[in-house]
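# Results of the structural survey
Here is how the chains run, residue by residue.
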Amino acid sequence: MDAAALDAEVATLVAAARDVDAHYEPIPDLAWPEGVRIAVNFTLDFDAMLLRRLKHEPPMQLAKGEFGGRVGIWRAVELFSRLGVKATIFTVGRICELYPEALRNVLAQGHEIADHMWEHHVPKDPAMEDDHFMKTVAAFKETLGLRALGSRSRHSNRLLVREGYLYNSHGSAAHGPHYLHDGAGNCVLNLPFHYAIDDAMFYSANWQGSELLANRFSDTDRVEEIWWQGFLQQYRVGGYLNVCLHPFVSGRAQRIDMLERLVHRMQAMPGVWMPTSADVARHVLATRPSQRASR
Ligand SMILES: [Zn+2]
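Below: a short report on this structure.

Basis of the calculations
Residues numbered from 1 in each chain as written. Predicted model: local features only at pLDDT ≥ 70, side-chain atom pairs only at ≥ 80, totals over all residues. Heavy atoms only, no water. Donors = N, O, S within 2.8 Å, 3.2 Å for Na, K, Ca; no water. Helix = DSSP H or I, 4+ residues; strand = E, 2+ residues; numbered from the N terminus. Buried < 20%, exposed > 50% of the residue type's maximum accessible area, 1.4 Å probe, protein only. Patch = residues over 30% accessible without salt bridge, like charges linked within 9 Å, V, L, I, M, F, W, Y side chains within 5 Å. Areas by Shrake-Rupley, 256 points an atom, 1.4 Å probe, with all protein chains shown as cover. Salt bridge = Lys/Arg side-chain N within 4 Å of Asp/Glu carboxyl O. Phe/Tyr/Trp six-rings, centres within 6.5 Å; stacked < 30°, edge-to-face > 60°. Lys NZ or Arg CZ within 6 Å of the ring centre and 35° of its normal.

### Some points on the coordination of the zinc ion
- Protein coordination of the zinc ion is provided by D47 (OD), H116 (NE2) and H120 (NE2), with donor distances spanning 2.0 to 2.1 Å.
- Mapping the donors of the zinc ion onto the primary sequence yields the spacing D-x68-H-x3-H. Of this pair, D47 sits in the loop between β2 (38–46) and α2 (50–54) while H116 sits in the loop between β4 (112–115) and α6 (126–144), placing them 69 residues apart in sequence.
- Residue D47 is classed as buried on the basis of its relative accessible area of 6%.
- Since its relative accessible area comes to 4%, H116 is described here as buried.

See the structure below:
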């Protein structure tokens, strides 16, 4: 690369960083409720491989999604209910058509259902985006009598604010809760997750088109240890941990057992709070609202 091309590349990076400066608002003095040292959100993306269904992937890939809807989600909900963890199930709107009983069970057990797009993608065209967003709102209302409070998506702040959503859970500009402004007066709280604590990264072969040599079928002991170390670091600093799971991935027998061991280890420490994402959002919004005039 010649010097001029390198300069142009650096200028692009600087512009991107300044753009984040303008939209990103950290919450440096966030404190948890009395007696709480760390908030841990267990979040499950219930997408049943929907994006891959739309791409007409091979039957064995699609069968994974089927497992998630028929077995994985039930196992995960049973586990978290039994352990006293309140989980958040980010649900693709069309799941209301595919596995309505699984969703009713999630609610009956006291867990949260939140938005995960209509068909697992956000259309670029604003009118089309609006249409997708509202289809999920309608499906949740009709199937579950539910109004979601959060999303895991790239849906615009404009829609999230307009429809009264409390939070998004997407991207990883920071490790803890922070605010994101859209430059047009809409501010949304973000509860970030990261691929370092995401089951799909560790248990997927050929993940997102990677070479077969880059298979990521990790053994559960290794994953448990990596996530445990992540938990301990955040525990020490009084932080936040968002554990991102997928029913079709972590619903598999040996992985469900690993989660049980991991939750037990966490719960053996004092001051560990495992509420829904909406509960974390309510606490942050009530105690540390955005300090910036929204822009
Ligand atoms: Zn997803």
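Next comes the rest of the description.
### Comments concerning a nonpolar patch on the surface
- A contiguous nonpolar patch, built from M1, L6, V10 and V14 and spanning about 400 Å² of accessible area, is present on the exposed surface.
- Mapped onto the secondary structure, M1 falls in the segment before α1 (3–23).

### Points about the packing of aromatic side chains
- Applying the stated criterion across every chain yields a total of 10 aromatic pairs.
- Taking 6.0 Å as the distance between ring centres and 75° as the angle between the ring planes, the aromatic pair formed by F202 and W227 counts as edge-to-face. Taken together, the residues F202 in helix α8 (residues 199–203) and W227 in helix α9 (residues 220–236) connect sequence positions 25 residues apart. Taken individually, F202 and W227 each receive the classification buried, so the pair is uniform in this respect.
- Plain terms: the ring middles of W228 and F231 are 5.3 Å apart, the flat faces sit at 20° to each other, and that makes the pair stacked. Of the two residues, W228 and F231 are both situated in helix α9; the distance of 3 residues between them amounts to about one turn of the helix. You'll find W228 and F231 in the same group, each marked buried.
- Among the aromatic side chains, those forming a connected cluster through ring pairs are W32, Y240 and W273.
- The cationic tip of R37 hangs over the ring face of Y235; the distance from NZ or CZ to the ring centre is 4.7 Å.
- Here the basic side chain of R152 rests over the ring of F193, its NZ or CZ set 4.3 Å away from the ring centre.

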